[in-house]
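Each chain, letter by letter, is given below.
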Amino acid sequence: MPSRPAPLALAALLLAAPALAQPAPSARTLAEEGEDIPYAEWRAMTEGRTVWYLIEGDVWGRESYRAGSDALVFQFPDGQCLPATWSHRDPWFCFDFQDALPDPLHCFRHLRWEGGIWVLGDMGAVQQVDRIDASPVACGPNVSS
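Everything numeric here is computed off the predicted structure, so don't read it as measured data.

Parameters at a glance
- Residues numbered from 1 in each chain as written.
- Predicted model: local features only at pLDDT ≥ 70, side-chain atom pairs only at ≥ 80, totals over all residues.
- Heavy atoms only, no water.
- Buried < 20%, exposed > 50% of the residue type's maximum accessible area, 1.4 Å probe, protein only.
- Helix = DSSP H or I, 4+ residues; strand = E, 2+ residues; numbered from the N terminus.
- Pairing = 2+ DSSP bridges.
- Core = buried A, V, L, I, M, F, W, Y, C linked by side-chain atoms within 4.5 Å.
- Contact = heavy atoms within 4.5 Å.
- Disulfide = S-S within 2.5 Å.
- Salt bridge = Lys/Arg side-chain N within 4 Å of Asp/Glu carboxyl O.
- Polar contact = N/O pair within 3.5 Å; in protein donor to acceptor, adjacent residues only side chain to side chain.

## So, the pairing of strand S4 (residues 71-75)
Logical step 1: Taking burial as the measure, the 5 residues of S4 include 4 buried ones, the bulk of the element.
Logical step 2: Of the pairings in the sheet, the one linking strand S3 (residues 58-65) to S4 comprises 4 bridges and is antiparallel in character. The residue bridging Glu-63 from the neighbouring strand is Phe-74, located in S4.
Logical step 3: Between S3 and the antiparallel strand that follows it, S4, lie 5 residues; Gly-68 among them carries a positive phi value of about 75 degrees.
Logical step 4: In terms of strand pairing, S4 meets strand S5 (residues 81-89) through 5 bridges, oriented antiparallel. Paired with Gln-75 across the two strands is Cys-81, which belongs to S5.
Logical step 5: Counted between consecutive antiparallel strands, the loop separating S4 from S5 contains 5 residues, among which Gly-79 sits at a positive phi close to 95 degrees.

Rendered as C-alpha cells:
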C-alpha cells in the first residue's frame with residue numbers, strides 16, 4: 001500500500017502553484033468522500049495569506065486572513081470587499097459578515113478531495129481553492145488572477 005504524504009507536505013505542494021481547475025464534485029460526493037482539514041492545519045495554511053476561490057473554474061473571490069487574529073477580508077471579483085471574523089466548530093468554519101450581508105453568518109467545511117482543496121457550504125455550495133499565496137488584497141475594481 002503506498003504511503004500518503006504528510007498533511008503539511010501536501011499543503012506545501014498545494015500552496016506552491018495555482019490548482020488546475022477540476023470539474024466540481026457534487027456536494028454529496030464532497031460530504032461523503034472529502035477529508036476535513038483540521039482547524040490547526042487550516043490556520044497554519046492561511047494565517048497572513050490569501051485564499052483564492054473558484055466556482056466552476058471562474059474566480060469567485062479571494063479571502064485575506066489577518067495574521068494573529070480571527071479577522072479577514074473577502075474580496076469579490078469586482079473588487080468589492082467585505083470584512084469578517086471567523087470561528088471554528090468542528091467540522092464547520094463560520095464567517096461572520098455582521099451587517100454587510102442580510103444573512104451575516106456563512107459556514108463551510110474545508111476538505112481535501114482528489115488532490116485538491118474544496119469548500120462545501122452548509123447550504124450545499126461547492127468551491128475549489130485555486131491557491132493560497134501572499135498576495136495582498138487591495139479593495140477596489142479590477143481584481144485579476
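## Notes on the nonpolar core
Logical step 1: Grouped together as the largest cluster of nonpolar side chains are 20 residues, with contacts concentrated most on Trp-42, Val-51, Tyr-53, Tyr-65, Trp-86, Phe-95 and Val-129.
Logical step 2: The leading source of residues in this core is S5, at 3 residues.
Logical step 3: Ignoring any residue separated from it by four or fewer positions in sequence, one finds Tyr-65 in contact with Trp-42, Thr-46, Glu-47, Gly-48, Arg-49, Val-51, Tyr-53, Ala-71, Leu-72, Trp-86 and Phe-95.
Logical step 4: The next biggest cluster of nonpolar side chains, apart from the first, holds 6 residues, and it includes Leu-30, Leu-111, Trp-113 and Val-126.

## Topic: the state of the cysteines
Logical step 1: Scanning the entire structure with this criterion turns up 2 disulfides.
Logical step 2: The disulfide bridge from Cys-81 ends at Cys-139, spanning 2.0 Å between sulfur atoms. Handedness here is read from the sign of the S-S torsion; for Cys-81 and Cys-139, about -105 degrees, the answer is left-handed. Separated by 58 residues along the polypeptide, Cys-81 in strand S5 and Cys-139 in the segment after strand S9 (126-133) bring together distant segments of the chain.
Logical step 3: Look at Cys-139 and you get exposed, because its relative accessible area is 51%.
Logical step 4: Between the sulfur atoms of Cys-94 and its disulfide mate Cys-107 the distance is 2.0 Å. Disulfide Cys-94-Cys-107: torsion about the S-S bond near 115 degrees, hence right-handed. Placement of Cys-94 in strand S6 (residues 92-96) and of Cys-107 in strand S7 (residues 105-113) is noted, with a sequence separation of 13 residues between them.
Logical step 5: According to the relative accessible area criterion, Cys-94 is buried, its value standing at 13%.

## Examining helix H3 (residues 39-46)
Logical step 1: Those residues of H3 that sit buried are Glu-41, Trp-42, Arg-43, Met-45 and Thr-46.
Logical step 2: In the stretch just after H3, Gly-48 is the one whose phi turns positive, near 75 degrees.

## Focus on the pattern of salt bridges
Logical step 1: Scanning the entire structure with this criterion turns up 6 salt bridges.
Logical step 2: Two residues, Asp-130 and Arg-131, come together in a salt bridge whose shortest N-O distance is 2.5 Å.
Logical step 3: Overall, Arg-131 belongs to the buried group, its relative accessible area being 11%.
Logical step 4: Of the charged contacts in the structure, one is a salt bridge between Asp-133 and Arg-131, with a shortest N-O distance of 3.3 Å.
Logical step 5: What you see here is one network of salt bridges that share partners, running through Asp-130, Arg-131 and Asp-133.

## Some words on the environment of Trp-118
Logical step 1: Within the fold, Trp-118 resides in strand S8 (residues 116-121).
Logical step 2: Taking the C-alpha atoms as reference points, Trp-118 and Phe-108, separated by 10 residues in sequence, lie 9.9 Å from one another.
Logical step 3: Here Trp-113 takes part through its backbone oxygen, which lies 3.3 Å from a polar atom of the side chain of Trp-118.

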